[in-house]
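What follows is each chain in one-letter form.
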Amino acid sequence: MSSSNCPSSELQARLVRYDDLIPCRSAFIDTRTPGSDHKENFTIIGHGVAENPEQHVHIDIPHGFNIGAARQPPGCVNSQHSHETAEVFVVHAGQWAFHFGANADGASVELGPGDIISIPVGVFRGFSNIGKDIGFLFAVLGGDDPGRVTWAPYVFESAREHGLVLLKSGRLIDTTRGETVPDGEAVMPPTTQEDAEKLRKMNAEEAARCVIREPELTTFERQPFDDNVRVFEAPLIGPACSEDGVPAGRMDWNHGFHVRRQRLEPGAQTPAFIRDEPEVLMMQSGKLELVCNDEQILLTQGDVMTVPVGTPRRYRNNAEDDAVVYVVRGGDRPGGFRLVDLAS
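Residues numbered from 1 in each chain as written. Predicted model: local features only at pLDDT ≥ 70, side-chain atom pairs only at ≥ 80, totals over all residues. Heavy atoms only, no water.

Caption draft 1: A look at the overall build of the protein. Check the secondary structure of the protein and you find four helices and 25 strands. Computed over the C-alpha atoms, the radius of gyration of the protein is 20 Å, within 12% of the 20 Å expected from 2.2 N^0.38 for a compact globule of 344 residues. Projected onto its principal axes, the C-alpha positions of the protein cover 65 × 45 × 35 Å. Across the 344 residues of the protein, 55% fall into the buried class. For the protein, the accessible area works out to roughly 14400 Å², and carbon and sulfur atoms hold 48% of it. The centroid of the 32 positive side-chain charges in the protein is displaced by 1 Å from the centroid of its 50 negative side-chain charges. (Helix = DSSP H or I, 4+ residues; strand = E, 2+ residues; numbered from the N terminus. Rg over C-alpha atoms; globule rule 2.2 N^0.38 Å. Buried < 20%, exposed > 50% of the residue type's maximum accessible area, 1.4 Å probe, protein only. Areas by Shrake-Rupley, 256 points an atom, 1.4 Å probe, with all protein chains shown as cover. Lys, Arg positive; Asp, Glu negative; His and termini not counted. Charge placed at Lys NZ, Arg CZ, Asp CG, Glu CD.)

Caption draft 2: Representation of the sheet that holds strand S9 (residues 116-119) within the structure. One open sheet holds the seven strands; their spatial order is S3-S2-S4-S11-S6-S9-S15, and the pairing between them is mixed. Looking at strand neighbours, the two that pair on one side only are strand S3 (57-59) and strand S15 (211-212), the edges of this open sheet. In this structure, strand S2 (residues 40-45) lies alongside S3, joined through two bridges in parallel fashion. Within S3, the position partnered with isoleucine 45 by the bridge is isoleucine 59. (Pairing = 2+ DSSP bridges.)

Caption draft 3: Highlighting the sheet that holds strand S10 (residues 125-129). A sheet is described by the order of its strands in space; here five strands give the open sequence S8-S7-S10-S5-S12, paired in antiparallel fashion. Two strands close off the open sheet at either side, each with one partner strand: strand S8 (108-111) and strand S12 (150-151). Where strand S5 (residues 77-82) lies against S10, three bridges are found, and the strand directions are antiparallel. Counterpart to asparagine 78 in the pairing with S10 is phenylalanine 127. Contacts from helix H2 (residues 153-161) reach S5 and S12, with the element oriented near 125° to S5. (Contact = heavy atoms within 4.5 Å. Axes fitted to C-alpha atoms, helices over the stretch in contact; angles between N-to-C directions.)

Caption draft 4: Focus on the pattern of salt bridges. According to the stated counting rule, one finds 28 salt bridges in the structure shown. With a closest N to O distance of 3.3 Å, glutamate 205 and arginine 209 form a salt bridge. Pair noted here: glutamate 205 and arginine 209 are both in helix H4 (residues 204-209), with a separation of four residues, about one helical turn. On the basis of relative accessible area, arginine 209 is assigned to the partly exposed category, the value being 46%. Close ionic contact of glutamate 279 with arginine 275 constitutes a salt bridge, the shortest N to O distance being 3.4 Å. Overall, the relative accessible area of 0% leaves glutamate 279 in the buried class. The exposure class assigned to arginine 275 is buried, which follows from its relative accessible area of 3%. Salt bridges sharing partners connect three or more residues here, namely Glu233, Asp244, Arg260, Arg275, Glu277, Glu279, Arg313 and Arg329. (Salt bridge = Lys/Arg side-chain N within 4 Å of Asp/Glu carboxyl O.)

Purely spatial values, then, with no claim about function.
Structure representation (structure tokens):
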């Protein structure tokens, strides 16, 4: 069976350590809105939807989806907005509240570490850190180009009061730094109340169906490899995959990607395998060793790793605690793994 080989240098370029994340503190139009002015945004894989050209992109390789993150202190708010593609959040740390509606006056849900939420297209959402410590969220957006953000009407009003102007191109102009609207560039017209009324409104029951809580996940687990391997995979987003022996996730509508949680018990190791779709690992807890082409990379909490398509890999846990990782794979239809003999 043919497979691609991935040089060590390419593997390292596909690893983003939590401690090496480069934040942008002025990524969006609400960056000066009181209560929203201390958030940090990250684009980990892909360009995301940042409105500031100074936002650092860690891995600029098309995957069919984007991986980003937000880090916020207690009380910090991400203003109400909507996206053109599906958006999924995995809570890595902290306690969070997600509010729906143009004025955050609709349904709301509260999430903690390990919980996951999938927010449909065309729904106003915002989120805030309601805990006592710094909170961190991983975010997945569908598509290589996830489009632009649609902000609630009040966000434009507040931005104008604090010297920020959004262009139609998606670029943010900071007039307090002496920036002006370039010739030939058009200003983004504010979202009107009439525009806002056209977006979908979610009730409490609908919002609850978009959430899976961490304590539930063990009830979904299956063992895609041999039972003795002690690797468990819980389907969260996406349809069933007979090759993996894993049923559909609770949120099985099309996202452009699918998400599972993988748990490796101490001493567990997968056989060598390949996949024909992009596979991104977002480390939640514990330690996970990726073995690829005789190279070993140790992943710890908050690290993100993307494994090249078709590259043989093994995952193993040599630590004393479970290794827990959220896995994002490209496409709406999971393709399943294929075992490979590395000796051949």
